[in-house]
Amino acid sequence: MFKDIVRIKVIAGKGGNGCVSFRREKYVPKGGPDGGDGGRGGDCVVVVNHNLSTLSHIVDGQVFKAQNGQDGKGDKMHGADGKDIVIEVPKGTLVIDAENGKVICDTAEVERFVLAKGGKGGLGNWHFRGPTNQTPTHATKGEVGEEKEIILDLKIIADVGLIGLPNVGKSSIISKLTRATPKIADYPFTTKDPVLGVMGYQDKKIIIADMPGIIEDAHEGVGLGLEFLKHIERTKFLILVLEIVNDPINQAKMLLSELKKYKKELPKRIRIVTFNKIDLVTNKEKIDREFLELSLSKIIKPKPKFLYISALTGENIENLKDEIIHSLTFQNK
Ligand SMILES: Nc1nc2c(ncn2[C@@H]2O[C@H](COP(=O)(O)OP(=O)(O)OP(=O)(O)O)[C@@H](O)[C@H]2O)c(=O)[nH]1
Ligand SMILES: [Mg+2]
């Protein structure tokens, strides 16, 4: 199951107590104080695991507790430090303080972060010896560890996102561009969650995200809603997938309006418009490309690149690859 938001509780370990003890040796009836210090409590740490792509391994409400430090012992023996507890997350997970909603750490930038610090160990009684007190019976207790309620909110990191109505061929396209094997079927909402694929180019890896379909009034929760669009917020650009045989201009208008309702600037992210299923058009002369492109250039700004493709036969898929690479290079300059 794909999960992209969970609430957890983290409890760092308590420090071990300092020890009260006196040296006991043969012929030394009154030995000096030798109580050791308590160990430090373990920390709660969030760490990026590059093999993860969801938060499904974490249960909502799960409590992560680090180990307590051990108490000090006689003979100045230091108690063992408590072990840290590591919470593994996919890259791109935002760590949010549930109390005030503030982002504490963005794992797109930081790969390891201490969420809650373990308590310090207490001091053993030998620290408290002095000229006036040779037999201190005092040691300090270990400090409690920090405790926090945390929200983990995954926003996947992809370079390019595929956006379109249901059933237009988005998953078919990603399966042609990358080695991803998403479910492809002739009914709407086959894709329920984002799917990532990697397109190799020279020594670079371009990450492409296939998205669920968007329908009219998705912003009001119709279809699968628009919540998944948070996963394209970090993409460098979007590819709009339109079905050539099904009034593409109308499809584009509807999609733009939904994207805008989610986030006003999102439509500006569109760099490529693909007209898919070109193989279904028997008389290609009948398509008025000029009219199509002119109409779409009026509503998509800056003017995108247009490609007529077929994910079924592979027509123009190589050109689409080139265009993706070109757009990314252009963007990075
Ligand atoms: N003829 C033809 N059929 C295609 C082409 N691309 C995809 N299809 C078919 O269209 C149907 C939908 O394809 P998907 O790739 O699942 O479409 P999608 O956009 O991912 O659909 P959702 O995940 O439901 O949003 C499948 O039956 C595909 O085989 C194409 O270029 N030509
Ligand atoms: Mg799909």
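Here the structure is a predicted model, which is why all the values come from computation and not from measurement. (Residues numbered from 1 in each chain as written. Chains lettered and ligands numbered in written order. Predicted model: local features only at pLDDT ≥ 70, side-chain atom pairs only at ≥ 80, totals over all residues. Heavy atoms only, no water.)

**Digging into the pattern of salt bridges**
Tallied over the full model, the rule gives 14 salt bridges. We note a salt bridge from Glu111 to Lys91, for which the minimum N-O separation is 3.0 Å. Of this pair, Glu111 sits in the loop between β6 (103–106) and β7 (112–116) while Lys91 sits in the loop between β4 (85–89) and β5 (93–97), placing them 20 residues apart in sequence. The exposure class of Lys91 is partly exposed, given its relative accessible area of 30%. Between Asp159 and Lys236 there is a salt bridge, and its shortest N-O distance comes to 2.6 Å. Note that Asp159 is positioned in the loop between β8 (147–154) and β9 (160–164) and Lys236 in the loop between β11 (204–210) and β12 (237–243), a separation of 77 residues in sequence. A relative accessible area of 13% places Asp159 in the buried class. Look at Lys236 and you get partly exposed, because its relative accessible area is 33%. It is possible to trace a salt-bridge network through shared partners that takes in Arg40, Asp43, Asp84 and Lys117. (Salt bridge = Lys/Arg side-chain N within 4 Å of Asp/Glu carboxyl O. Helix = DSSP H or I, 4+ residues; strand = E, 2+ residues; numbered from the N terminus. Buried < 20%, exposed > 50% of the residue type's maximum accessible area, 1.4 Å probe, protein only.)

**Examining the coordination of the magnesium ion (ligand 2)**
When a metal holds four donors in a tetrahedron, each ideal angle between them is 109.5 degrees; when it holds six in an octahedron, the ideal angles are 90 or 180 degrees. The protein atoms that coordinate the magnesium ion (ligand 2) are Ser171 (OG) and Thr191 (OG1), at distances of 2.0 to 2.1 Å. Pair noted here: Ser171 is in helix α1 (residues 170–177) and Thr191 is in the loop between α1 and β10 (195–201), with a separation of 20 residues, a long-range link. (Donors = N, O, S within 2.8 Å, 3.2 Å for Na, K, Ca; no water.)

**As for the packing of aromatic side chains**
For the coordinates displayed, the defined rule picks out 2 aromatic pairs. Arranged with centres 6.1 Å apart and planes meeting at 20°, the rings of Phe275 and Phe306 form a pair that is stacked. With Phe275 in strand β13 (residues 270–276) and Phe306 in strand β14 (residues 305–308), the pair connects residues that are 31 residues apart, well separated along the chain. The two residues Phe275 and Phe306 agree in class, both being buried. With 4.7 Å between their ring centres and 20° between their planes, Phe275 and Tyr308 make a pair best called stacked. Taken together, the residues span a long stretch of sequence, with Phe275 in strand β13 and Tyr308 in strand β14 at a distance of 33 residues. For Phe275, a relative accessible area of 0% translates into the label buried. What links up through ring pairs into an aromatic cluster is the set Phe275, Phe306 and Tyr308. (Phe/Tyr/Trp six-rings, centres within 6.5 Å; stacked < 30°, edge-to-face > 60°.)

**So, the side chain of Asp4**
Position of Asp4 relative to the elements: it lies in the segment before β1 (5–11). Side-chain polar atoms of Asp4 contact the side chain of His231, separated by 2.8 Å. Residues contacting Asp4, with those up to four places away along its chain left out, are Leu55, Leu152, Asp153, Leu154, Lys230 and His231. (Polar contact = N/O pair within 3.5 Å; in protein donor to acceptor, adjacent residues only side chain to side chain. Contact = heavy atoms within 4.5 Å.)

**Side note on the nonpolar core**
Membership of the largest hydrophobic core comes to 52 residues, with the highest contact counts inside it found for Leu152 and Ile163. With 6 residues, helix α2 (residues 248–262) is the largest single contributor of residues to this core. Counting residues domain by domain, this core receives three or more from each of domain 1 (1–155) and domain 2 (160–332). With residues near it in sequence (within four places) discarded, Ile163 still touches Lys170, Met211, Ile214, Leu229, Ile232, Leu238, Ile239, Leu240, Val241, Leu255 and Leu259. Counting 21 residues, the second largest nonpolar core, distinct from the first, contains Met199, Val241, Leu307 and Ala311. (Core = buried A, V, L, I, M, F, W, Y, C linked by side-chain atoms within 4.5 Å. Domains from an automatic or database assignment.)

**Section: the sheet that holds strand β2 (residues 44–48)**
Strand order in this open sheet of 3 strands is β4-β2-β7, and the pairing throughout is mixed. The sheet terminates laterally at β4 and β7, the two strands that pair on one side only. Across the sheet, the axes of successive neighbouring strands diverge by a mean angle of 30°, strand direction being ignored. Bridge count between β2 and β4: 5 bridges; the pairing is parallel. Counted as the bridge partner of Val46 is Ile87 from β4. (Pairing = 2+ DSSP bridges. Axes fitted to C-alpha atoms, helices over the stretch in contact; angles between N-to-C directions.)

**Let's talk about the site of ligand 1**
Looking at ligand 1, there are 23 residues lining it, with Lys170, Ser172, Thr190, Thr191 and Asp279 nearest. Here an oxygen atom of ligand 1 and a side-chain polar atom of Lys170 are 2.8 Å apart. A distance of 3.1 Å separates an oxygen atom of ligand 1 from a polar atom in the side chain of Lys277. Coverage of ligand 1 by the protein amounts to 90% of the 650 Å² it exposes when considered alone. The dominant element in the shell around ligand 1, judged by the number of residues it contributes, is α1, at 3 residues. (Near = heavy atom within 4 Å. Areas by Shrake-Rupley, 256 points an atom, 1.4 Å probe, with all protein chains shown as cover.)

**A short note on the domain arrangement of the protein**
Per the domain assignment, the segments making up the protein are domain 1 (1–155) and domain 2 (160–332). On the domain 2 side, the residues contacting the 10 residues of domain 1 number 6 residues. Summed over both sides, the interface of domain 1 with domain 2 buries roughly 690 Å², with 46% coming from carbon and sulfur. Of all residues in domain 1, the largest losses of buried area upon contact with domain 2 belong to Phe2, Asp4 and Lys155, amounting jointly to 75% of the total for that side. For the salt bridge of Lys230 with Asp4, the shortest nitrogen-to-oxygen distance reads 3.7 Å. Between domain 1 and domain 2 we count 8 residue pairs in polar contact (both at pLDDT 80 or more) in total. Class assignment of the residues belonging to the side of domain 1 that touches domain 2 gives a composition of 5 nonpolar, 1 polar and 4 charged. (Buried area = accessible area lost by both parts, 1.4 Å probe. Nonpolar A, V, L, I, M, F, W, Y, C, P; charged D, E, K, R; others polar.)

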